[in-house]
Structure formats: C-alpha cells, structure tokens
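Structural overview
One-letter residues, chain by chain:
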Amino acid sequence: MLPQLHRGLLRPLLSTYLSLFYLLIASGTAYESVSDKTLQSLPRPGDDFNIHNGALLAPILVPRVSGTAGSTAVLNHLADFFRTSLPEWTLQFQNSTSKTPVSKGKEVPFVNLIASRDPPGAPAGDVGRLTLVAHYDSKYEPEGFIGAIDSAAPCAIMLHAVRSIDAALTKKWEDMRVKGELNLLEEQQGIQVIFMDGEESFKEWTATDSLYGARALAEQWDAEVHPAMSVYRSPLDSISLFVLLDLLGAKDPTIQSFFPTTHWAYKKLARLERRLRELKQFRSSDPGRSWFPHLSKSEHEIPMYMRIEDDHIPFMRRGVEILHIIDAGNFGFPKVWHKMEDNGEHLDVDTVEDWSVLLTAFAAEWMELEGFMSSGSDSASQNNKRSTDSWAKTEFL
C-alpha cells in the first residue's frame, strides 16, 4: 500500500446518490446488534496465533513473493484450511499473469483465492456478500522480508473470524428453511473472503507495478454478467461492503474513517470495539483507549484530502463501497512498515487476537447471527478441537 493523494476518483453521480440512499437505509436497519452475552462468548484463537507453530498464523510468516514457492505454500495453506475446516465454503482461484520490473520480460503468475458461503439454494446473482479482504503476498525487497502486519496477521485474523461464525450460519439458514423464510429476497446475504495476490510493488509503486491481483479480479468481476433478472448485475455488484484489512498487528493501532458513505459501518465496528473493552474482552492496550478516533465524527467530518493506495482502489473506481481498516495514525504507518523488523517477533499477539475477536463480532452482527452463535463452552470446545486437528495437505498448483 502507498499513502498518496487521490484526485479525480469520482464515481458517476447517480451511482453515488444510490449508494448514499441504500447506505442510509442500511445504517439504520441493516442488522440487529449482537448481545453482550454473544460478545462474551466469542471464540478465541488460542495457540492458533502462535508465531512459531500456530495452525493459522505460523505458516503465513514466511517470505511469499508472488510467483515463488513461498507464495504457493501459503496459498496451499489457505486453501487447505477451507477444505478441511470449512467444507461448506466454495473456493475459487482467479488467475492472471503480468510482467514486472524485475521479471526480465517473463510473465509472473498471480493467484487470488476467494472463499464464499451463500444461503443454500440461492442463485449467485441474487446474493449480496460481505467481503473481507487481505493480501497474502510479501515484498520482493528487502530479500527475506516476512510482512507480519503486511499482511500475514490480517490473513490469519480473517481465517479465525469466518471459522468462528460458520456453525452459526448453518444454524441460521436451517432455522430459516424450517420456517420457510430461506428464499425471501431480503434475506439473501452471503459472505466471502478474498486473499489477494500481488498487492506489493516489485520495484517502485506505480499504477502498473502494484495491485496486480486486485486489478485483475476487479476487471474480471466487472465484466462477468449474472443471468437476466438477477438482483445483482455482476460479482462486483454483489459486494455489499468491501472490508480491507492491512497493516494490523502492531500495538495500539489507529484506524481512521476514509469514506463518508461507509462511515456508518466504521461506527458499527468502533462501537463493537468499545463494547468489547467495556466487557473486558480485549487483552491489549489501555481499556480506556479506542482504536477508532473518528467514532464521534459524522460522515460530513471525515477528512477528504487523502486516500491510501491499496487493494481497494480498482474496486472503488468501479463503484464498490469500501471500509478500509488500516493502521495509519496521523497518516503514518507502523514503524516496522516495509522493514525487516516486520516479522513475527515484532507482532503484538494480544492485539492480533483482539482484532480476530472484533472482526468475528462485526461479521456475526452483519450476518445477523444473534441467537445462533455457540455458548462460551461450546465455542471453546469447538475451537480447541479445530486447533489440534491435523490438516490434509494437498497441492493444487
């Protein structure tokens, strides 16, 4: 990602007005808040975030430059997680190639992994999806760069969050099926996670040397058209909210709100963080401190003079609504950003764990899972079992 002024990223006026209209509705009626009891019973990752042998995080803490063996190993790890732990999820691999400033004229492969789960029997074109996104590649230079906050930890955070709500999704949709509510149009809400390849530049950040996977995926999804009479025109149009996680894992992060049309979602996340702190469910930092300084601001008070270049840009240019969750306090990134110190040893594991709980709460609330989440003891038992299960490793590349 790159901090940079963005001018001229104006969307069509009609699209903006429609987005504002729907988001104003969503901000008031989109979903029911989860209860304190649910927040207190959210599963913890436990040893899964151990930087040396944790089942979720440790396999990602390796150099994983796009097109290398390290990248393939991490992609296999992510895919194996869904194949073994979340078999109800659908996996899709989106492939592209591109020359880079260091590839000497050769095409470098980029592979995005998309895992999704929709209500049973719902046509793909009729499902809007909460979309959680992080990039899994690491920088080409300096050699051996790990990229723990950038973005191994965000990838592991997403894995924990979707695993934590999976059983509740099953319960909710079965309950709806029994009541005959499963195919009601307003209930067609799914969820997908995207592990983006090629976010980092190989030499110097430019429009062509960066965001390789994001540019390819946004273009492809915009061109794909759902069948006639579908609710959504394309997979791109099906994205209800594009939640991009980046540079997470350093202690005491500062998360700003960048987009007025999604400030309501920013506030939802910020209020969940505040409630988790009040319930003493956070393990990191001062209980009186907030990661979200713009909670008290209105959408009219959000700074408009700066944007950060990241994987959301190709999607935002096509009208997708973005919630960018990036540690960029006072427009400065964490001190380990793009340095060799950005490794597992410099992660604040308590902060990483708190992020995983917060994202779980946000996803559970968005998907309206209140009343379907497991109790504390059930969650702990299920989580411990999954943490100790061995995964069958399979190669797909």
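Residues numbered from 1 in each chain as written. Predicted model: local features only at pLDDT ≥ 70, side-chain atom pairs only at ≥ 80, totals over all residues. Heavy atoms only, no water.

1. So, helix α4 (residues 148-179)
As a reminder, the rule being used: Secondary structure is summarised from DSSP: a helix means a run of H or I of at least four residues, a strand means a run of E of at least two, and numbering begins at the N terminus for each. For a helix, the expected span equals 1.5 Å multiplied by the number of residues minus one. Throughout, bend refers to the angle between the axes fitted to the seven residues that end at a position and the seven residues that start at it. Think of it in three bands: with a 1.4 Å probe and only protein chains considered, a residue is buried below 20% of the maximum accessible area for its type, exposed above 50%, and partly exposed in between.
For α4, with 32 residues, the first-to-last C-alpha span of 45 Å sits near the 46 Å given by 1.5 Å per residue. Where α4 bends most, at D166, the angle is about 35°. Counting buried positions along α4 gives 24 out of 32 residues, so the element sits mostly inside the fold. Downstream of α4 by one or two residues, G180 has phi in the positive range, about 75°.

2. Observations concerning the packing of helix α6 (residues 263-278) against helix α8 (residues 349-366)
Which entries qualify depends on this criterion: Angles here are taken between N-to-C directions and fall from 0 to 180 degrees, while the axes themselves are lines fitted to C-alpha atoms, restricted in helices to the stretch in contact. Angles are sorted into four bins: roughly parallel if under 35 degrees, roughly antiparallel if over 145, roughly perpendicular if 65 to 115, and oblique for all others. For any helix crossing, the convention is left-handed if the near helix is rotated counterclockwise from the far helix by under a right angle, and right-handed if that rotation is clockwise. Residue contacts are defined here by distance: any two heavy atoms, one from each residue, within 4.5 Å place the two residues in contact.
Contact geometry of α6 with α8 gives a least axis separation of 10 Å together with a crossing angle of 125°. Classified by the angle their axes make, α6 and α8 are oblique. Crossing of α6 over α8 shows right-handed handedness. For the pair α6 and α8, contact is made by W264, A265, K268, L269, L272, E273, R275 and L276 and by V357, L358, A361, F362, E365 and W366, respectively.

3. What about the confidence of the model for the chain?
The condition that has to hold: A residue's pLDDT is the confidence the predictor assigns to it, expressed on a 0 to 100 scale.
Averaged over all residues, the pLDDT of the chain is 88; the fraction at 70 or higher stands at 84%. Ignoring residues within four places in sequence, the model shows residues 5-29, a span with pLDDT below 50, making 24 contacts including any to other chains. Across residues 377-397 the pLDDT falls below 50, and counting only partners more than four positions away or on other chains, this stretch makes 40 contacts in the model.

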